[in-house]
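# Architecture and fold: a report
Here is what each chain is made of, one letter per residue.
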Amino acid sequence: MSISTNLNEVKQTLAPHVTLVAVSKTKPMEDLMEAYEAGQRIFGENKIQEMTEKYEALPKDIEWHMIGHVQRNKVKYMAEYVSLIHGVESLKLLQEINKQAEKHNRIIPVLLQMFIAQEDTKFGLDTNELEEIFTSEELKEMQNIQIKGLMGMATFTEDSQEVKKEFSTLKDIFDKSKQKYNDLPNVQLEIISMGMSNDYLLAVECGSTMVRIGSTIFGNRNY
Ligand SMILES: *Cc1c(COP(=O)(O)O)cnc(C)c1O
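Presented here is an overview of the structure given in this document. (Residues numbered from 1 in each chain as written. Predicted model: local features only at pLDDT ≥ 70, side-chain atom pairs only at ≥ 80, totals over all residues. Heavy atoms only, no water.)

Applying the stated criterion across every chain yields a total of three aromatic pairs. An angle of 5° between the planes, with centres 3.9 Å apart, marks the rings of Tyr55 and Tyr81 as stacked. Taken together, the residues Tyr55 in helix 3 (residues 48-57) and Tyr81 in the loop between helix 4 (75-78) and strand 4 (84-88) connect sequence positions 26 residues apart. On the basis of relative accessible area, Tyr55 is assigned to the buried category, the value being 16%. Here Phe134 and Tyr181 contribute two aromatic rings whose centre-to-centre distance is 4.6 Å and whose plane-to-plane angle is 15°, an arrangement assigned as stacked. Linking Phe134 in helix 6 (residues 127-135) with Tyr181 in helix 8 (residues 160-181), this pair joins segments that are 47 residues apart in sequence. Overall, the relative accessible area of 4% leaves Phe134 in the buried class. In this structure Tyr181 comes out as buried when scored by relative accessible area, which is 8%. (Phe/Tyr/Trp six-rings, centres within 6.5 Å; stacked < 30°, edge-to-face > 60°. Helix = DSSP H or I, 4+ residues; strand = E, 2+ residues; numbered from the N terminus. Buried < 20%, exposed > 50% of the residue type's maximum accessible area, 1.4 Å probe, protein only.)

Let us look at the nonpolar core. By size, the foremost hydrophobic cluster in this structure holds 65 residues, and its most contacted members are Ile85, Leu94, Leu112, Phe134 and Ile147. Formed by seven residues, the second largest nonpolar core is a distinct cluster that contains Ile42, Leu111, Ile191 and Met210. (Core = buried A, V, L, I, M, F, W, Y, C linked by side-chain atoms within 4.5 Å.)

This part covers the pairing of strand 2 (residues 42-45). Burial along strand 2 is two-sided: the residues Ile42 and Gly44 and Phe43 and Glu45 are all buried. Sheet topology note: the strand 1 (residues 19-23)/strand 2 ladder contains two bridges and is parallel. When the sheet's bridge partners are listed, Val23 is paired in strand 2 with Gly44. Once the chain exits strand 1 it traverses helix 2 (residues 29-37) before rejoining the sheet at strand 2, and the crossover so formed is right-handed. Looking at chain direction, strand 2 and strand 3 (residues 63-66) are connected through four bridges and run parallel. Across the sheet, Glu45 pairs through a bridge with Met66, a residue of strand 3. Crossover handedness for the path strand 2 to helix 3 to strand 3: right-handed. (Pairing = 2+ DSSP bridges. Right-handed = clockwise from strand over helix to strand, strands pointing away.)

Tracing the sequence through the fold places Ile191 in strand 7 (residues 187-193). What makes Ile191 buried here is its relative accessible area of 13%.

Running from N to C, helix 6 and helix 8 cross one another at 25°; their axes reach a closest spacing of 12 Å. When the axes of helix 6 and helix 8 are compared, the pair comes out roughly parallel. When the axes of helix 6 and helix 8 are compared, the crossing they make is right-handed. The residues of helix 8 that touch helix 6, namely those facing Thr127, Leu130, Glu131, Phe134 and Thr135, are Ile173, Ser177, Lys180 and Tyr181. (Axes fitted to C-alpha atoms, helices over the stretch in contact; angles between N-to-C directions. Parallel < 35°, antiparallel > 145°, perpendicular 65-115°, else oblique. Left-handed = near helix turned anticlockwise from the far one by under 90°. Contact = heavy atoms within 4.5 Å.)

Time to look at the layout of surface pockets. By volume, the largest pocket is sized at about 800 Å³. Every residue lining the largest pocket is counted, 34 residues in all, and those nearest its centre are Lys25, Asn46, Ile67, Gly68 and His69. Ranked by residue count, the leading element in the lining of the largest pocket is helix 3, at five residues. Tallied by class, residues from the lining of the largest pocket come to 12 nonpolar, 14 polar and eight charged. Here the second largest pocket is characterised by a volume of approximately 190 Å³. Surrounding the second largest pocket, 13 residues form its lining, Thr157, Glu158, Val163, Asn198 and Asp199 being those nearest its centre. At the level of secondary structure, the elements contributing two or more residues to the lining of the second largest pocket comprise helix 8 and helix 9 (200-205). Partitioning the lining of the second largest pocket into residue classes produces five nonpolar, five polar and three charged. (1 Å grid on protein atoms, 1.4 Å probe; cavity = no way out; pocket = protein on both sides within 12 Å on 5 of 7 lines; lining within 4 Å. Points joined across faces, edges and corners; volume = space filled by probe spheres on them. Nonpolar A, V, L, I, M, F, W, Y, C, P; charged D, E, K, R; others polar.)

Right, let's get into helix 3. Along helix 3, the residues classified as buried are Ile48, Glu50, Met51, Thr52, Lys54 and Tyr55. For helix 3, the secondary structure elements touched by its buried residues are helix 2, strand 2, strand 3 and helix 4.

Around the ligand sit Val23, Lys25, Ile67, Met151, Met153, Met196, Ser197, Arg212, Ile213, Gly214, Ser215 and Arg221, and that is every residue in its neighbourhood. In this structure, Arg212 approaches the ligand through a side-chain N or O atom, which is 2.8 Å from a nitrogen atom. For the ligand, an oxygen atom lies 2.8 Å from a polar atom in the backbone of Gly214. For the ligand, the cavity whose grid points lie within 2 Å of the majority of its atoms is the largest pocket. (Near = heavy atom within 4 Å. Polar contact = N/O pair within 3.5 Å; in protein donor to acceptor, adjacent residues only side chain to side chain. Sits in = over half its atoms within 2 Å of the grid points.)

Spelled out as C-alpha coordinates, the structure:
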(Lines give C-alpha, C1' and ligand atoms only; values in the text may rest on other atoms or scores of the structure.)
Protein backbone atom coordinates (compact mmCIF):
# COMPACT_ATOMS: atom_id res chain seq x y z
CA MET A 1 0.00 0.00 0.00
CA SER A 2 1.27 3.47 -0.84
CA ILE A 3 1.26 6.43 1.52
CA SER A 4 -1.17 8.38 -0.66
CA THR A 5 -3.61 5.45 -0.78
CA ASN A 6 -3.42 5.04 2.99
CA LEU A 7 -3.90 8.76 3.48
CA ASN A 8 -6.97 8.85 1.28
CA GLU A 9 -8.44 5.84 3.03
CA VAL A 10 -8.04 7.50 6.41
CA LYS A 11 -9.52 10.76 5.13
CA GLN A 12 -12.58 8.93 3.85
CA THR A 13 -13.35 7.78 7.38
CA LEU A 14 -13.18 11.31 8.83
CA ALA A 15 -16.01 13.85 8.90
CA PRO A 16 -15.02 17.33 7.66
CA HIS A 17 -14.95 18.80 11.18
CA VAL A 18 -12.15 16.41 12.21
CA THR A 19 -8.62 17.63 11.47
CA LEU A 20 -6.04 15.04 10.47
CA VAL A 21 -2.51 15.39 11.80
CA ALA A 22 -0.25 13.04 9.83
CA VAL A 23 2.28 11.81 12.38
CA SER A 24 5.57 11.58 10.49
CA LYS A 25 8.07 11.07 13.33
CA THR A 26 11.08 8.91 12.34
CA LYS A 27 9.96 8.93 8.68
CA PRO A 28 12.21 10.26 5.90
CA MET A 29 11.47 13.46 3.97
CA GLU A 30 10.38 11.47 0.85
CA ASP A 31 7.54 9.92 2.82
CA LEU A 32 6.34 13.32 4.00
CA MET A 33 6.55 14.64 0.43
CA GLU A 34 4.42 11.79 -0.80
CA ALA A 35 1.72 12.73 1.71
CA TYR A 36 2.21 16.40 0.84
CA GLU A 37 1.69 15.71 -2.83
CA ALA A 38 -1.49 13.84 -1.95
CA GLY A 39 -2.72 17.05 -0.31
CA GLN A 40 -1.70 16.68 3.34
CA ARG A 41 -0.50 19.93 4.95
CA ILE A 42 -0.47 19.17 8.69
CA PHE A 43 2.33 16.99 10.08
CA GLY A 44 3.02 15.92 13.65
CA GLU A 45 6.47 15.28 15.09
CA ASN A 46 7.59 14.45 18.61
CA LYS A 47 11.22 15.64 18.57
CA ILE A 48 12.01 19.32 18.13
CA GLN A 49 15.30 18.79 16.32
CA GLU A 50 13.83 16.36 13.81
CA MET A 51 10.83 18.62 13.23
CA THR A 52 13.08 21.64 12.66
CA GLU A 53 15.19 19.78 10.10
CA LYS A 54 12.05 18.80 8.24
CA TYR A 55 10.62 22.30 8.51
CA GLU A 56 13.77 23.73 6.97
CA ALA A 57 13.86 21.27 4.08
CA LEU A 58 10.19 20.96 3.14
CA PRO A 59 7.58 23.34 1.62
CA LYS A 60 6.71 26.35 3.73
CA ASP A 61 2.94 25.90 3.63
CA ILE A 62 3.20 22.85 5.90
CA GLU A 63 1.82 23.29 9.42
CA TRP A 64 4.05 21.65 12.01
CA HIS A 65 2.49 20.26 15.17
CA MET A 66 4.64 19.28 18.14
CA ILE A 67 2.89 16.26 19.64
CA GLY A 68 5.61 14.97 21.98
CA HIS A 69 6.86 15.84 25.41
CA VAL A 70 8.51 19.27 25.27
CA GLN A 71 11.66 20.20 27.16
CA ARG A 72 11.61 23.83 28.16
CA ASN A 73 15.14 24.55 26.96
CA LYS A 74 14.23 23.48 23.42
CA VAL A 75 11.14 25.61 22.90
CA LYS A 76 13.30 28.32 21.32
CA TYR A 77 14.16 26.10 18.36
CA MET A 78 10.55 25.81 17.18
CA ALA A 79 9.09 29.11 18.38
CA GLU A 80 9.48 30.76 15.01
CA TYR A 81 7.38 28.32 13.04
CA VAL A 82 5.43 25.77 15.12
CA SER A 83 1.65 25.85 14.41
CA LEU A 84 0.36 24.00 17.46
CA ILE A 85 2.01 22.48 20.53
CA HIS A 86 -0.14 19.58 21.79
CA GLY A 87 1.71 18.44 24.88
CA VAL A 88 1.74 21.37 27.31
CA GLU A 89 1.44 20.23 30.90
CA SER A 90 2.81 22.92 33.16
CA LEU A 91 2.59 26.62 33.81
CA LYS A 92 6.37 26.85 33.57
CA LEU A 93 6.33 25.42 30.05
CA LEU A 94 3.53 27.82 29.08
CA GLN A 95 5.62 30.71 30.37
CA GLU A 96 8.60 29.62 28.31
CA ILE A 97 6.46 29.24 25.18
CA ASN A 98 5.01 32.68 25.82
CA LYS A 99 8.48 34.18 26.22
CA GLN A 100 9.83 32.61 23.04
CA ALA A 101 6.68 33.53 21.08
CA GLU A 102 7.09 37.13 22.19
CA LYS A 103 10.63 37.17 20.81
CA HIS A 104 9.22 36.23 17.43
CA ASN A 105 6.37 38.65 17.76
CA ARG A 106 3.73 35.98 17.39
CA ILE A 107 1.06 34.07 19.28
CA ILE A 108 1.67 30.33 19.61
CA PRO A 109 -1.45 28.14 19.86
CA VAL A 110 -1.20 25.32 22.41
CA LEU A 111 -3.21 22.43 23.81
CA LEU A 112 -3.03 21.33 27.42
CA GLN A 113 -2.31 17.63 27.77
CA MET A 114 -4.55 15.76 30.19
CA PHE A 115 -3.68 12.50 31.89
CA ILE A 116 -6.61 10.17 31.16
CA ALA A 117 -4.96 6.73 30.89
CA GLN A 118 -4.51 3.85 33.31
CA GLU A 119 -0.74 3.82 32.72
CA ASP A 120 1.93 5.72 34.51
CA THR A 121 4.08 6.09 31.41
CA LYS A 122 1.83 8.77 29.93
CA PHE A 123 2.22 12.46 30.68
CA GLY A 124 -0.45 14.97 31.49
CA LEU A 125 -2.37 17.09 33.95
CA ASP A 126 -5.10 16.00 36.32
CA THR A 127 -8.22 18.16 36.66
CA ASN A 128 -6.90 20.02 39.70
CA GLU A 129 -3.72 20.97 37.90
CA LEU A 130 -5.78 22.08 34.91
CA GLU A 131 -7.88 24.35 37.13
CA GLU A 132 -4.71 25.77 38.63
CA ILE A 133 -3.46 26.76 35.21
CA PHE A 134 -6.74 28.31 34.10
CA THR A 135 -7.15 30.29 37.32
CA SER A 136 -3.52 31.36 37.76
CA GLU A 137 -2.48 34.98 37.80
CA GLU A 138 0.49 34.12 35.60
CA LEU A 139 -1.75 32.99 32.75
CA LYS A 140 -3.40 36.40 32.61
CA GLU A 141 -0.04 37.98 31.81
CA MET A 142 0.71 35.73 28.86
CA GLN A 143 -0.13 37.62 25.71
CA ASN A 144 1.76 35.44 23.26
CA ILE A 145 0.07 32.10 23.75
CA GLN A 146 -3.44 30.97 23.06
CA ILE A 147 -4.90 27.86 24.69
CA LYS A 148 -6.91 26.25 21.89
CA GLY A 149 -7.99 23.01 23.53
CA LEU A 150 -7.03 19.77 25.24
CA MET A 151 -5.06 16.71 24.21
CA GLY A 152 -5.04 13.22 25.66
CA MET A 153 -3.85 9.68 25.05
CA ALA A 154 -5.88 6.65 26.03
CA THR A 155 -4.48 3.49 27.56
CA PHE A 156 -2.94 1.12 25.00
CA THR A 157 -5.37 -1.75 25.41
CA GLU A 158 -7.78 -3.97 23.48
CA ASP A 159 -10.46 -3.07 25.99
CA SER A 160 -12.51 -0.61 23.97
CA GLN A 161 -14.86 0.11 26.88
CA GLU A 162 -11.91 1.40 28.87
CA VAL A 163 -10.66 3.51 25.95
CA LYS A 164 -14.14 4.90 25.40
CA LYS A 165 -14.41 5.82 29.05
CA GLU A 166 -11.12 7.70 28.91
CA PHE A 167 -11.99 9.62 25.74
CA SER A 168 -15.39 10.50 27.18
CA THR A 169 -13.68 11.80 30.29
CA LEU A 170 -11.53 14.11 28.19
CA LYS A 171 -14.56 15.36 26.26
CA ASP A 172 -16.33 16.05 29.54
CA ILE A 173 -13.36 18.00 30.95
CA PHE A 174 -13.23 19.96 27.69
CA ASP A 175 -16.94 20.91 27.84
CA LYS A 176 -16.69 22.01 31.46
CA SER A 177 -13.51 24.01 30.85
CA LYS A 178 -15.10 25.71 27.90
CA GLN A 179 -18.07 26.79 29.97
CA LYS A 180 -15.89 28.13 32.74
CA TYR A 181 -12.81 29.59 31.07
CA ASN A 182 -13.53 30.46 27.46
CA ASP A 183 -13.90 34.15 28.29
CA LEU A 184 -10.27 34.47 29.38
CA PRO A 185 -8.42 36.59 26.81
CA ASN A 186 -5.94 33.89 25.79
CA VAL A 187 -8.30 30.92 25.95
CA GLN A 188 -10.31 29.86 22.91
CA LEU A 189 -11.27 26.22 23.39
CA GLU A 190 -12.19 24.49 20.16
CA ILE A 191 -9.83 21.51 19.71
CA ILE A 192 -9.97 18.08 21.34
CA SER A 193 -6.87 16.22 20.15
CA MET A 194 -7.47 12.53 20.78
CA GLY A 195 -7.18 9.37 18.72
CA MET A 196 -4.26 7.56 17.07
CA SER A 197 -4.06 4.77 14.48
CA ASN A 198 -5.55 2.08 16.68
CA ASP A 199 -8.28 4.09 18.39
CA TYR A 200 -9.18 7.14 16.30
CA LEU A 201 -12.62 5.98 15.18
CA LEU A 202 -13.63 5.52 18.80
CA ALA A 203 -12.08 8.90 19.64
CA VAL A 204 -14.13 10.63 16.95
CA GLU A 205 -17.27 8.92 18.26
CA CYS A 206 -16.46 10.38 21.66
CA GLY A 207 -16.05 13.93 20.33
CA SER A 208 -12.50 14.24 19.01
CA THR A 209 -11.94 17.14 16.60
CA MET A 210 -8.30 16.33 15.81
CA VAL A 211 -6.75 12.91 15.29
CA ARG A 212 -3.03 12.13 15.24
CA ILE A 213 -2.38 9.24 12.88
CA GLY A 214 1.03 7.83 12.05
CA SER A 215 1.48 4.13 11.28
CA THR A 216 -1.81 3.71 9.40
CA ILE A 217 -0.57 6.31 6.92
CA PHE A 218 3.21 5.82 6.85
CA GLY A 219 3.55 2.19 7.94
CA ASN A 220 5.19 0.88 11.09
CA ARG A 221 8.11 2.78 12.57
CA ASN A 222 11.54 1.22 13.10
CA TYR A 223 13.19 2.94 16.03
C1 LIG B 1 3.41 8.51 17.67
C2 LIG B 1 2.23 9.26 18.17
C3 LIG B 1 1.00 9.22 17.51
C4 LIG B 1 0.73 8.35 16.29
O5 LIG B 1 0.73 7.01 16.62
P6 LIG B 1 0.25 5.87 15.58
O7 LIG B 1 -0.14 4.76 16.45
O8 LIG B 1 1.42 5.57 14.71
O9 LIG B 1 -0.90 6.43 14.82
C10 LIG B 1 -0.03 10.00 18.00
N11 LIG B 1 0.13 10.78 19.09
C12 LIG B 1 1.29 10.85 19.75
C13 LIG B 1 1.39 11.74 20.93
C14 LIG B 1 2.39 10.09 19.31
O15 LIG B 1 3.54 10.18 19.99
